[in-house]
Amino acid sequence: MGVDFSDMLDDGDDDVLHPRDIFFTLDRSPNFSFPRDIQTEVMNRWFDDRDKRDSVIKLNVGSGKTIVGLLLLQSSLNEGKGPALYVAPDKQLAQQVMNEAAALGIEVTDDPRDPSYAAGDRICVVNVYKLFNGKSVFGVGVSQINIGTVVIDDAHACVSTITDQFRITLESSHKAYQQIFSAISEDLKGYNEARYLEIESADPRAYLEVPFWIWSSHRSEILRAFNEHRFDDELQFSYPLLKEILPQCRCVIAGQYLEIEPHFPATDLIQSFRRAKRRIYMTATLSDDSVIVTHFGAEPTSLGQPLVPASSQSMGERMILMPQELNSDLTTADVRTMLVELAQKVNVVVIVPSADAAKAWATAADQVLIGDKVPDGVEKLRKGHVGLTVLVNRYDGIDLPGSACRVLAISDLPEVSSYADLVDSEVLSGSTVNLKRQIERIEQGMGRGVRSNDDYCAVLLLGARLTARIRSTEGQEMLTPATKAQLELSRKIAKKLKSPSVDEIKDVVLQCLDRDQDWIKVSKKILVNLKADDKLRLDPAKLAIRSAFDSARANQYADALTILDKAIDAATDAQIKAWLLARKAAFQHEVDAEGAQKTLIAAHSLEPGVVKPMHGAAYKKLTPATGKQAATLISNHAGRFVDVTSMKLFADALCSDLQFTPDTSDKFEAAINDLAWFIGIKGQRPEKDYKEGPDNLWALPNGKFLIIECKNGVTANSGIAKKDAGQLGQSLAWFDTRYPASNSLPIIIHPDRSLGQGASEIDGMRVIDPKGLEKLRRNLRDFAKQLTNPDVASSASEVAKRLAQFELNTDAFVNAFSSTVK
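The sections below set out a description of the structure shown in this document. (Residues numbered from 1 in each chain as written. Predicted model: local features only at pLDDT ≥ 70, side-chain atom pairs only at ≥ 80, totals over all residues. Heavy atoms only, no water.)

Re the sheet that holds strand E6 (residues 168-171)
Condition: A pair of strands counts as paired when DSSP detects no fewer than two bridges linking them. Runs of E in the DSSP output that reach at least two residues are strands. Runs of H or I that reach at least four are helices, and both are numbered from the N terminus. All axes here are fitted lines through C-alpha atoms, helices being fitted over the stretch that makes contact, and every angle between N-to-C directions spans 0 to 180 degrees.
Spatially, four strands are ordered E6-E9-E8-E7 in an open sheet, and the strand pairing comes out antiparallel. In this open sheet, the two edge strands, each paired with only one partner strand, are E6 and strand E7 (207-209). Each adjacent strand pair in this sheet contributes to an overall mean axis angle of 15°, direction not counted. Alignment of E6 against strand E9 (residues 257-262), held across four bridges, turns out to be antiparallel. Its bridge partner lying in E9, Ile168 is registered against Ile260.

A look at the sheet that holds strand E15 (residues 407-411)
For clarity, the threshold we go by: Contacts between residues were defined by any pair of non-hydrogen atoms, one from each residue, lying within 4.5 Å.
Spatially, the six strands line up as an open sheet ordered E11-E16-E15-E12-E14-E13, and their pairing is parallel. The two strands at the open ends of the sheet, each matched to only one other strand, are strand E11 (317-321) and strand E13 (367-369). Across the sheet, the mean angle from the axis of one strand to that of its neighbour is 20°, orientation sign disregarded. Pairing analysis gives five bridges linking E11 to strand E16 (residues 456-462), with the strands arranged parallel. Residue pairing across strands places Met319 opposite Ala458, the latter belonging to E16. Contacts from helix H22 (residues 464-471) reach E15 and E16 within the one sheet, and its direction differs from that of E16 by about 105°.

Describing the packing of aromatic side chains
What counts, and what does not: Within 6.5 Å between ring centres, the rings of Phe, Tyr and Trp (the latter by its six-membered ring) count as paired, and their orientation is classed by plane angle as stacked under 30 degrees, edge-to-face over 60, tilted in between. Residue burial is assigned from relative accessible area. The probe radius is 1.4 Å, only protein chains are included, and a residue is buried under 20% of its type maximum, exposed over 50%, and partly exposed in between. Look at NZ for Lys and CZ for Arg. If either is within 6 Å of the ring centre and within 35 degrees of the ring normal, a charge sits over the ring.
Taken as a whole and judged by the stated rule, the model has 26 aromatic pairs. Aromatic side chains Tyr191 and Trp213 sit 5.8 Å apart centroid to centroid with 75° between the ring planes, which places their arrangement in the edge-to-face category. With a gap of 22 residues between them, Tyr191 in helix H8 (residues 175-191) and Trp213 in helix H10 (residues 212-217) connect regions that are remote in the sequence. Here Tyr191 matches Trp213 in class, with each residue buried. Note that Arg406 overlies the ring of Tyr456, its terminal NZ or CZ placed 3.8 Å from the centroid.

Section: helix H28 (residues 557-570)
Worth spelling out the cut-off: In this analysis, the expected span of each helix is defined as 1.5 Å times one less than the number of residues it contains. Throughout, the arc means the angular range of directions from the helix axis out to the C-beta atoms.
Relative to the 20 Å expected for 14 residues at 1.5 Å per residue, H28 spans 20 Å between its end C-alpha atoms, a close match to the ideal helical length. All buried positions along H28 are accounted for by Tyr557, Ala560, Leu561, Leu564, Ala567 and Ile568. Seen end-on, H28 carries its buried residues on one side only, within an arc spanning 125°. Turned more than 90 degrees away from the buried face of H28, the exposed residues are Ala558, Lys566, Asp569 and Ala570. Where the residues of H28 are buried, they touch helix H27 (540-553) and helix H29 (574-588).

What about the state of the cysteines?
What counts here: By convention in this document, the label disulfide applies to cysteine sulfur atom pairs within 2.5 Å.
Within the structure shown, the criterion is met by zero disulfides. Cys457 carries a free sulfur, and the closest cysteine sulfur to it, the one in Cys405, is 4.2 Å from it. Residue classification places Cys457 among the buried positions, given a relative accessible area of 0%.

Here's the deal with the pairing of strand E2 (residues 84-88)
Of all five residues making up E2, five are buried, and the element is well covered by its neighbours. The alternating pattern of E2 places Ala84, Tyr86 and Ala88 on one face and Leu85 and Val87 on the opposite face, and all of these are buried. As judged from the four bridges shared by E2 and strand E5 (residues 149-153), these two strands associate in the parallel manner. When the bridges of E5 are listed, Tyr86 appears paired with Val151. Of the strand pairs in this sheet, E2 and strand E4 (residues 123-127) are connected by four bridges, and their pairing is parallel. What sits directly across from Val87, in E4, is Val126.

What about unusual backbone geometry?
Looking along the chain, the bond that leaves Gly82 and enters Pro83 is cis, with omega of -5°. Secondary-structure assignment places Pro83 in the loop between helix H3 (65-78) and E2. With phi around 65°, Ala741 is a residue other than glycine that occupies positive phi space. Relative accessible area serves as the criterion here: at 91%, Ala741 is assigned to the exposed category. Backbone geometry at Glu807 places phi at a positive 60°, although glycine is not the residue there. Along the polypeptide, Glu807 turns up in the loop between helix H38 (796-805) and helix H39 (813-817). For Glu807, a relative accessible area of 25% corresponds to the partly exposed category.

Some points on the packing of H8 against helix H11 (residues 219-228)
Rules: Note on angle classes: values under 35 degrees are labelled roughly parallel, values over 145 roughly antiparallel, values of 65 to 115 roughly perpendicular, and the remainder oblique. Gly is put with the polar residues, along with every residue not named as nonpolar or charged; the nonpolar set is Ala, Val, Leu, Ile, Met, Phe, Trp, Tyr, Cys and Pro, and the charged set is Asp, Glu, Lys and Arg.
Axis separation between H8 and H11 bottoms out at 9 Å; the angle between their running directions is 170°. The angle between H8 and H11 places the two elements in the roughly antiparallel class. Contact with H8, carried on its side by Ala176, Gln179, Ile180 and Ala183, involves Glu221, Ile222, Ala225, Phe226 and Glu228 of H11 and no other residues of that element. Each residue belonging to the contact of H8 with H11 can be placed in one class, and the counts come to six nonpolar, one polar and two charged.

Let's talk about the pattern of salt bridges
The line we're drawing: Think of a salt bridge as a Lys or Arg side-chain nitrogen and an Asp or Glu carboxyl oxygen that are within 4 Å of each other.
Scanning the entire structure with this criterion turns up 44 salt bridges. The salt bridge partner of Lys345 is Asp514, with a shortest N-O separation of 2.5 Å. Residue Lys345 is found in the loop between helix H17 (332-342) and strand E12 (348-352), and its partner Asp514 is found in the loop between helix H25 (502-513) and helix H26 (517-528); the two are separated by 169 residues along the sequence. Each member of the salt-bridge network shares a partner with another, and the members are Arg50, Asp51, Glu79 and Arg278.

As for helix H35 (residues 722-738)
A rise of 1.5 Å per residue sets the reference length of H35, with its 17 residues, at 24 Å; its end C-alpha atoms lie 25 Å apart and thus fit the reference within 8%. All of the buried residues in H35 are Asp724, Ala725, Leu728, Ser731, Leu732, Trp734 and Phe735. Tucked into the core, H35 has its buried residues touching helix H34 (686-690), strand E18 (696-699), strand E19 (705-710) and strand E20 (744-749).

A look at the nonpolar core
Using the following cut-off: We call a set of buried Ala, Val, Leu, Ile, Met, Phe, Trp, Tyr and Cys residues a nonpolar core when their side-chain atoms join them within 4.5 Å.
Among the nonpolar cores identified, the biggest contains 96 residues, and Leu85, Phe226, Ile260 and Phe296 are the most heavily contacted of them. Among the elements that make up this core, the one with the highest residue count is H29 (nine residues).

With respect to the pairing of E18
Neither face of E18 is exposed, since Asn696 and Trp698 on one face and Leu697 and Ala699 on the opposite face are all buried. Pairing of strand E17 (residues 682-684) with E18, which is carried by three bridges, proceeds in the antiparallel orientation. Each residue of the ladder has a partner; that of Gln684, found in E18, is Leu697. Relative to E19, E18 runs antiparallel, the two sharing four bridges.

Description of the environment of Asn717
Counting through the fold element by element, Asn717 comes out in the loop between E19 and H35. Along the primary structure Asn717 and Ala812 are separated by 95 residues, whereas in three dimensions their C-alpha atoms are 29 Å apart.

Distances and angles like these do not, on their own, reveal function.
Encoded structure:
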């Protein structure tokens, strides 16, 4: 008869508390022999300061974050700080945590209602949806299931899900949409009749942020509409989270659907999360850690430095190449051909920003993964050779280890995921806030293909705008040390190759894939001496808005305004200052409606992209640049481009955006405005900035004005529609009112030169059709190539010659690229 050892476990000895010591008490798989040094280092630091309520742990991919998280939770359980909850970004990753816990010998459950979780006998593992939703089992507004210690794994990856959960999205066919639109329609019509009519006609391109005073005045009707439909599928998981904070929400209404969301997710509504004794955020090193405060409610003053190992964190090997930096004449199509060839040998994954962007890759792809198709498609990659896979707008929350992904390409800049983000990105387009968002998404995407310290992957960054953002001085400063070092190695490669062809770039990629020993040594050497990044990067503007939002929720509007005033005074960037002023106006309206309008006027004077004040904003007349076009061009370029490659990439990006493509009107109009600047002409976007006037207005150095309407998204082939010709006529009338006795020329950019049924020709109008636009793009590319010669670019006389040669000067432009109506 054997000995019963079970009663010896309760002989009064203290429970093992240190996470590393706990590791050695576990009945674990032979794969887990010892904790890694970096794991031990982080666990030691956490244990010494474990009673801190919010802790941030930064470990690179492949450093064993999951093991650390599980051990910290088990330590907390042993200390009586349970129940213990592990939160993963999605179901698949939650299952991976369950599997790893089983191999480690830690008991877990996936059911928060499991009595063993409440008793502290098991760690509960859930995905982030389970914790944060309007019907959360943990309780909304009340605590139904307690949390003692919680680990949020891959916190940045959880953010998009949390934001989605705190957003109401309704299609225009939904009755609540129709009730809300009906309630605000008269006010909306008075505010911006043109945009209102587009939304009313269900134009898929039309959207408008509902001004805060209209949103406030119809609060009761809006609340009644939601309450009536609160059990609908579209509302049952989101409305309970927003119903108490609707006054602090933003609404953007569009022709196809509307979106309502708060300034930041009010995750504290999940009371058990807010009351947890310990909250541990595990994340990779990224450019902006603000989400720990803005989305999870951590107190910024008590966060301190993140916990990182002092020793160098080994990470996987990445060959990061920017083909259009290596050779600015290469196109994405050139690189696509190369990737198709590589995909015959290894799995190639391309991340694109949208479904529209995926269309260009569709014929080359073996699978295109979007939405619900992602998990099954990723599993195929893990199991064997697939070829070329396109991932649509998935930059985080996906593991592609080993042969699942040997070549990873990120094509074009990440796009925003909501209308509110789109509105903000337009306001913040040139600011550090917007750049941080883009850099963070790119770095998250780059991390998908290397998931352990012995993994390797070639990473290609594609697209002129993406390349330019990464190459910019501000972009370089925001990159993590490892990415910066690996990109620097890419530049050393560039110096050796000297404008390589796509085949030469392919040969370099194959050196990584074929495990060239010299490459392996070089790539590992640059990472050896990297210092651990122990900085906590918090954006003061975002933190101010979050703090003001919380004060407004508590009806402490005076406090909210004081917080924002301090942030506004500290802001040096005009766009960020305008963004903060616009947010202040929304809170101010509740206590001082007249003052809120004055604040909004101040915001609009700094950045016309913000919500237009109730009584309109004073229009700022456009005046031609003083001096000659060539001199203006040289001055413009000197203040923006760090080198000729940056200039060439900018021109390439313009050419990419100047195409007849549906649903790209904003991008196209922005490119027309940027084109004016690039060639030394003053430009403006009156319709966007002032909600009236033409899409684009150019003031030529000779005193003439070009009134430009952009219809690049028109798909009908029945000529210029009556409505579009009429719009050009209205813009001309608008111009005559504001610029009396000025010389103007109306231009419409349209795929058809002929007038449609019922359309009247506007006196003097000209058309830039596909032939003219293609010529403009071709001439612009050739002109930019000429400017790569420093002797040309620095000489006003030489630049003037090239402007004339490529018909981009004042005298030639109109006749060169536009035609009369047929």
